Amino acid sequence: QVQLVESGGGSVQAGGSLRLSCAASGTISSINYMGWYRQAPGKQRELVGFITSGGTTHYADSVKGRFTISRDNAKNTGNLQMNSLKPEDTAVYSCFGHIDSTLYWGQGTQVTVSS
C-alpha cells in the first residue's frame with residue numbers, strides 16, 4: 001500500500017524559511033508528479049506547485065521566486081523549500097503524488113507565519 005508521509009512545517013516569523021518533505025513508501029513503480037496544495041481558514045484550496053518526473057516545475061504566482069520544489073527520485077521524496085515567508089502563506093499544506101496512475105495525499109501539515 002502506497003503512503004505519503006509529510007514532515008517539516010511549524011511556525012516562523014515573516015521573512016523566515018521552512019522546508020516540507022513528502023516521502024512516498026510502499027510498492028512503487030513510478031511517480032509521475034508530486035506537489036503541494038495549501039488551504040488557509042476560510043479560503044479555497046490553492047495549488048502551490050508541482051514537479052514532474054522530468055524535473056519540470058510549476059508554481060502559483062503567489063509563491064514564484066520564493067518557493068522551490070525538488071525531488072529525490074532515488075528516495076521517492078519531494079521537497080518544498082519556502083523562503084521569504086509571509087503571513088499570508090499561513091495554511092495547512094498537503095502534498096500529493098501521482099503514483100502508478102493513482103493520486104495519493106499526505107496527511108497535511110500546518111505552516112504558520114507570524115508578522
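Residues numbered from 1 in each chain as written. Predicted model: local features only at pLDDT ≥ 70, side-chain atom pairs only at ≥ 80, totals over all residues. Heavy atoms only, no water.

**With respect to the overall build of the chain**
Along the backbone of the chain there are zero helices and 11 strands. Counting from the amino terminus, helix and strand elements in the chain follow one another as β-β-β-β-β-β-β-β-β-β-β. Computed over its C-alpha atoms, the radius of gyration of the chain comes to 13 Å, within 12% of the 13 Å expected for a compact globule of 115 residues. Here the C-alpha coordinates of the chain stretch approximately 45 × 25 × 25 Å along the principal axes. (Helix = DSSP H or I, 4+ residues; strand = E, 2+ residues; numbered from the N terminus. Rg over C-alpha atoms; globule rule 2.2 N^0.38 Å.)

**A short note on the pattern of salt bridges**
Applying the stated criterion across every chain, the model contains four salt bridges. For Arg38, the salt bridge identified is with Glu46, shortest N-O distance 2.7 Å. The salt bridge involving Asp89 is made with Arg38; its shortest N-O contact spans 2.9 Å. Of this pair, Asp89 sits in the loop between β8 (77–82) and β9 (91–99) while Arg38 sits in strand β4 (residues 31–39); the two residues are 51 residues apart in sequence, bridging distant segments of the chain. For Asp89, a relative accessible area of 1% gives the class buried. One network of salt bridges, with partners in common, ties together Arg38, Glu46, Arg66 and Asp89. (Salt bridge = Lys/Arg side-chain N within 4 Å of Asp/Glu carboxyl O. Buried < 20%, exposed > 50% of the residue type's maximum accessible area, 1.4 Å probe, protein only.)

**Remarks on the state of the cysteines**
Scanning all chains against the criterion turns up one disulfide. Across the disulfide, Cys22 is cross-linked to Cys95 (sulfur-sulfur distance 2.1 Å). The S-S bond linking Cys22 to Cys95 shows a torsion near 60 degrees; that makes this disulfide right-handed. Placement of the pair is Cys22 in strand β3 (residues 18–25) and Cys95 in strand β9, with a sequence separation of 73 residues. The buried category is assigned to Cys22, whose relative accessible area is 0%. (Disulfide = S-S within 2.5 Å.)

**What about the nonpolar core?**
Formed by 28 residues in total, the largest nonpolar core has its most connected members in Trp36, Phe67, Leu80, Met82 and Tyr93. Contributions of two or more residues to this core are made by β3, β4, β5 (46–52), β7 (67–72), β8, β9 and β11 (109–114). (Core = buried A, V, L, I, M, F, W, Y, C linked by side-chain atoms within 4.5 Å.)

**What about the packing of aromatic side chains?**
As enumerated under the stated definition, the model contains five aromatic pairs in all. Measuring from centroid to centroid gives 6.1 Å for Tyr33 and Phe96, while their planes differ by 70 degrees, and the two rings are edge-to-face. Here the residue Tyr33 occupies a position in strand β4, and Phe96 occupies one in strand β9, the gap between them amounting to 63 residues. You can call Tyr33 partly exposed: its relative accessible area is 27%. (Phe/Tyr/Trp six-rings, centres within 6.5 Å; stacked < 30°, edge-to-face > 60°.)

Without other data, these values stay purely geometric and don't point to any function.
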